[in-house]
Amino acid sequence: RERLLAWREAFSGRARVVLGTRSAVFAPVSNLGIIIVDEEHDASYKQHDGGFRYSARDLAVMRARGANVPVVLGSATPAIETLHNLDSGRYTRLTLTRRAMRAAPPRLSLIDLRAHAQSGGLSTPAVQAMTAHLAAGAQVLVFINRRGYAPTLLCTACGWIAPCTECDARLTVHLAARALRCHHCGADAPLPQRCPQCGFAVKAVGQGTERVEETLTSVFPGVPVVRLDRDVIRRPGELEQAMHRIASGEGRIVIGTQMVTKGHDFPNVTLVVVLNADQGLFSSDFRAPERLAQMIVQVAGRSGRGERPGEVLVQTEFPSIPCSPACWPRVTRALRAPRCGAPRSGLAPVQPPRGGARLSG
Ligand SMILES: [Zn+2]
Ligand SMILES: [Zn+2]
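Residues numbered from 1 in each chain as written. Chains lettered and ligands numbered in written order. Predicted model: local features only at pLDDT ≥ 70, side-chain atom pairs only at ≥ 80, totals over all residues. Heavy atoms only, no water.

The name recorded for the chain in an unreviewed UniProt entry is Primosome assembly protein PriA, from mine drainage metagenome. Per UniProt, the chain carries the Cofactor (unreviewed entry) text "Zn(2+)". (UniProt positions renumbered as here; feature names shortened; annotations may be inferred.)

Written out as structure tokens, the structure is:
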């Protein structure tokens, strides 16, 4: 009913500004003057489910062209196809010369994981930097784009890896919940103590937010840690509570997934540590490196928005890959370039005919 009312307001022209998420691109605006798509790179503009699949950003561009009005795509980290449209002269670049509320962009440096010891996913230089920033009274943000305790449960005797019985993904260890969960299809299984194949003890391998929280608590005893991921933030009120603990300064270290990149400002955070930057580099999804680079730039933007400039440390085993908010277009091109299969400007889904054969593997 509320939706119908809003629709009528837009249709009649009484509403002069129509603001909305993805489906607002279909709003019946009678006298359209301009369309603004903020955070145009965001994957949520794409409707994947249901019968009608579309990209609201691309539809906005089409609609603006049809109505002969300008469309503004806003982003600090434009999608690669948008950069392509800039290069080919289809789009015009407008640059913001001043940053909102921030004097200097954060300083970004890489930590070569091949050269430094690490414990629990934290390298020695990262721990040293965190110690210094905490001692200066600032807050620290640790970013790892993986929730749960560990991404793999492994038998060290026979090599068994906990598989999902519903799909072909691996199960993630959730220690507090004593469960194995599939982050791909949502399947659940109890956490075994011993290998179901040979009976030997099993071992959780790798890091997720839950385990990093445990590591941080033992490396920095007495320093309050706030964790932000879908396992601890399940209801809307819980996010506000966590944000309040961070804003009030009670939480000194924030550990989180991409949930921390979604527009929240942490003015007292002066250090951002990105733990598993390499994860996106070897995905079968050609967009993964682009998303990774976008995420690093977005998470870097969380730091130093107050008076103090921010510092960003990215742990990686591939320090030769360029990575700086200042050279964003170069970053995405460098990441995408070696992948010949990746489209530069557009992508059309190809589906097998009904009843047709489907090959995979
Ligand atoms: Zn085994
Ligand atoms: Zn699954």
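Draft legend 1. Quick look at the nonpolar core. Grouped together as the largest cluster of nonpolar side chains are 25 residues, with contacts concentrated most on Leu 141, Leu 228 and Val 274. Contributions of two or more residues to this core are made by β8 (139–143), β14 (225–228), α6 (236–247), β16 (269–274), α7 (288–300) and β17 (311–316). Here the element with the most residues in this core is α7; it accounts for five residues. When neighbours within four sequence positions are excluded, Leu 141 is seen to be in contact with Val 254, Val 260, Phe 266, Val 269, Leu 271, Val 272, Val 273, Val 299 and Arg 302. (Core = buried A, V, L, I, M, F, W, Y, C linked by side-chain atoms within 4.5 Å. Buried < 20%, exposed > 50% of the residue type's maximum accessible area, 1.4 Å probe, protein only. Helix = DSSP H or I, 4+ residues; strand = E, 2+ residues; numbered from the N terminus. Contact = heavy atoms within 4.5 Å.)

Draft legend 2. Looking closely at the sheet that holds strand β15 (residues 253–256). Ordered in space as β5-β17-β16-β8-β15-β14, the six strands form an open sheet in which the pairing is parallel. Either end of the sheet is taken by a strand with one partner, and the two such strands are β5 (107–112) and β14. On average, each strand axis in the sheet is tilted by 20° relative to the strand beside it, whichever way the strands run. One ladder, built from four bridges, connects β14 with β15; its direction is parallel. Paired with Arg 227 across the strands is Ile 255, a residue of β15. (Pairing = 2+ DSSP bridges. Axes fitted to C-alpha atoms, helices over the stretch in contact; angles between N-to-C directions.)

Draft legend 3. Region of interest: the coordination of the zinc ion (ligand 2). Within the protein, the atoms that donate to the zinc ion (ligand 2) are Cys 164 (SG), Cys 167 (SG), Cys 182 (SG) and Cys 185 (SG), at distances of 2.2 to 2.3 Å. One way to put it: the four donor atoms around the zinc ion (ligand 2) meet at angles of 105 to 117°, and that makes the site tetrahedral. (Donors = N, O, S within 2.8 Å, 3.2 Å for Na, K, Ca; no water. Tetrahedral: all angles 85-135°; square planar, octahedral: opposite > 155°, others 65-115°.)

Draft legend 4. Structural detail: the environment of Gln 207. If you trace the backbone, Gln 207 turns up in the loop between β13 (202–205) and α5 (209–219). When the C-alpha positions of Gln 207 and Gly 148 are compared, they lie 8.1 Å apart, and in sequence the two are 59 residues distant.

Draft legend 5. Structural detail: a nonpolar patch on the surface. A cluster of nonpolar side chains, contributed by Trp 7, Phe 26 and Phe 52, occupies part of the molecular surface with about 310 Å² of accessible area. Note that Phe 52 resides in the loop between β2 (46–47) and β3 (54–55). (Patch = residues over 30% accessible without salt bridge, like charges linked within 9 Å, V, L, I, M, F, W, Y side chains within 5 Å. Areas by Shrake-Rupley, 256 points an atom, 1.4 Å probe, with all protein chains shown as cover. Salt bridge = Lys/Arg side-chain N within 4 Å of Asp/Glu carboxyl O.)

Draft legend 6. View of the coordination of the zinc ion (ligand 1). Around the zinc ion (ligand 1), the donor atoms from the protein are Cys 155 (SG), Cys 158 (SG), Cys 195 (SG) and Cys 198 (SG), and they sit 2.2 to 2.4 Å away. Angles of 103 to 115° at the metal separate the four donor atoms of the zinc ion (ligand 1), which places the site in the tetrahedral class. Read N to C, the donor residues that coordinate the zinc ion (ligand 1) are spaced as C-x2-C-x36-C-x2-C. Linking Cys 155 in strand β9 (residues 152–155) with Cys 198 in the loop between β12 (188–190) and β13, this pair joins segments that are 43 residues apart in sequence. Under the relative-accessibility criterion, Cys 198 is labelled partly exposed at 40%.

Draft legend 7. Expanded view of the packing of aromatic side chains. Counted by the stated rule, this structure contains three aromatic pairs. For the ring pair Phe 26 and Phe 52, a centre distance of 6.2 Å and an interplane angle of 45° mean the geometry is tilted. With Phe 26 in the loop between α1 (2–12) and β1 (35–38) and Phe 52 in the loop between β2 and β3, the pair connects residues that are 26 residues apart, well separated along the chain. Classification of Phe 52 as exposed rests on a relative accessible area of 51%. Between Phe 52 and Tyr 54 the ring centres are 5.2 Å apart and the planes differ by 25°, which places this aromatic pair in the stacked class. Exposure remark for Tyr 54: the relative accessible area of 8% places this residue in the buried category. Put simply, the rings of Phe 26, Phe 52 and Tyr 54 pair up and form one aromatic cluster. (Phe/Tyr/Trp six-rings, centres within 6.5 Å; stacked < 30°, edge-to-face > 60°.)

Draft legend 8. Layout of the sheet that holds strand β10 (residues 172–174). Overall, antiparallel pairing links the three strands, which are arranged β10-β11-β12 in an open sheet. Strands at the two margins of the open sheet, each flanked by one partner only, are β10 and β12. Here the average twist between neighbouring strands, direction ignored, is 30°. Relative to β12, strand β11 (residues 179–181) runs antiparallel, the two being bridged by three bridges. Residue pairing across strands places Leu 180 opposite Ala 189, the latter belonging to β12.

Draft legend 9. Representation of the pattern of salt bridges. Scanning the model with the defined rule gives twelve salt bridges in all. One salt bridge in this structure joins Glu 81 and Arg 57, with 3.1 Å as the shortest N-O distance. Here the residue Glu 81 occupies a position in helix α3 (residues 80–87), and Arg 57 occupies one in helix α2 (residues 56–67), the gap between them amounting to 24 residues. Judged on exposure class, the residue Glu 81 and its partner Arg 57 are both buried. Ionic pairing is found between Arg 147 and Asp 231, a salt bridge with its closest N-O pair at 2.9 Å. A residue pair is termed long-range when its members are at least 10 positions apart, and Arg 147 in the loop between β8 and β9 and Asp 231 in the loop between β14 and α6 qualify at 84 residues. Overall, the relative accessible area of 17% leaves Asp 231 in the buried class.

Draft legend 10. Spotlight on unusual backbone geometry. Phi angles above zero are rare outside glycine, and Asn 68 is one such case at about 60°. Note that Asn 68 resides in the loop between α2 and β4 (71–74). On the basis of relative accessibility, which here comes to 71%, the residue Asn 68 falls in the exposed class. Backbone geometry places Arg 178, a non-glycine residue, at a positive phi of 50°. Locating Arg 178 in the fold gives a position in the loop between β10 and β11.

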